[in-house]
Amino acid sequence: MKCVGIVDTTFARVDMARYVLEILERELPGYRLVRHTVPGIKDVPAAARRLLDMGCEAVITLGWVGAGLVDKYSYLASSIGLVMLGVTTGKIIIDVTVHEDEAEKPEELKRIAIERAKAHAENLVALIKGGLQALTPKAGMGVRQGYPDVGPIP
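Quick notes on the rules
Residues numbered from 1 in each chain as written. Predicted model: local features only at pLDDT ≥ 70, side-chain atom pairs only at ≥ 80, totals over all residues. Heavy atoms only, no water. Salt bridge = Lys/Arg side-chain N within 4 Å of Asp/Glu carboxyl O. Buried < 20%, exposed > 50% of the residue type's maximum accessible area, 1.4 Å probe, protein only. Axes fitted to C-alpha atoms, helices over the stretch in contact; angles between N-to-C directions. Helix = DSSP H or I, 4+ residues; strand = E, 2+ residues; numbered from the N terminus. Parallel < 35°, antiparallel > 145°, perpendicular 65-115°, else oblique. Left-handed = near helix turned anticlockwise from the far one by under 90°. Contact = heavy atoms within 4.5 Å. Nonpolar A, V, L, I, M, F, W, Y, C, P; charged D, E, K, R; others polar.

Colleague: Help me understand the pattern of salt bridges in this model?
Modeller: Proximity of charged atoms lets side chains of opposite charge pair with each other. Enumeration according to the criterion identifies 9 salt bridges in this entry. E27 is the partner of R26 in a salt bridge, and the nearest nitrogen-oxygen pair spans 3.1 Å. The exposed category is assigned to R26, whose relative accessible area is 52%. Judged by its relative accessible area of 27%, E27 falls in the partly exposed class.

Below, the structure is given as structure tokens:
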């Protein structure tokens, strides 16, 4: 059975995996979905690796970054780890990250988190079902996840 992994953290203030799972369950009914929750952002790359080692063909990671400088450094370390994982394994890894300083109001931050998670879950489905060129029609179109699209520059 084909497998897709979902990594999320207890540090996050929104259960983004819940929304990702809804989309993946609907769009990839023949796939086994494996959720792996870890404490924080720096734990995400190793968790993603474990899921790939278990046979998942793709992983979507859901990270939450605090507003402090130390949080930004932790995200940088995690991001580099995920990039290296993708380069060394050749697998699809979609990194979904919400930064706590993206919005002043908790309600807006929650909206961003949910919309970003859903949009990237749809991107993952497109890549799995449609192959490497699945997102090509959107290239250069100013598509945003969590915010309204801005469109291409004429």
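Colleague: Explain the packing of helix α1 (residues 16-27) against helix α4 (residues 106-130) to me, please; I cannot follow it from the model alone.
Modeller: When two helices pack together, their arrangement is captured by the angle between the axes and the distance separating the axes. At their nearest, the axes of α1 and α4 sit 8 Å apart, and the two run at 30 degrees to each other. Taken together, α1 and α4 sit at an angle that is classed as roughly parallel. Of the two possible hands of crossing, α1 and α4 adopt the one that is right-handed. Note on element contacts: α4 touches α1 through A113, I114, A117, K118, A121, E122, L124, V125 and K129, opposite M16, Y19, V20, I23, L24 and E27. Across the contact of α1 with α4, the residue classes tally to 11 nonpolar, no polar and 4 charged.

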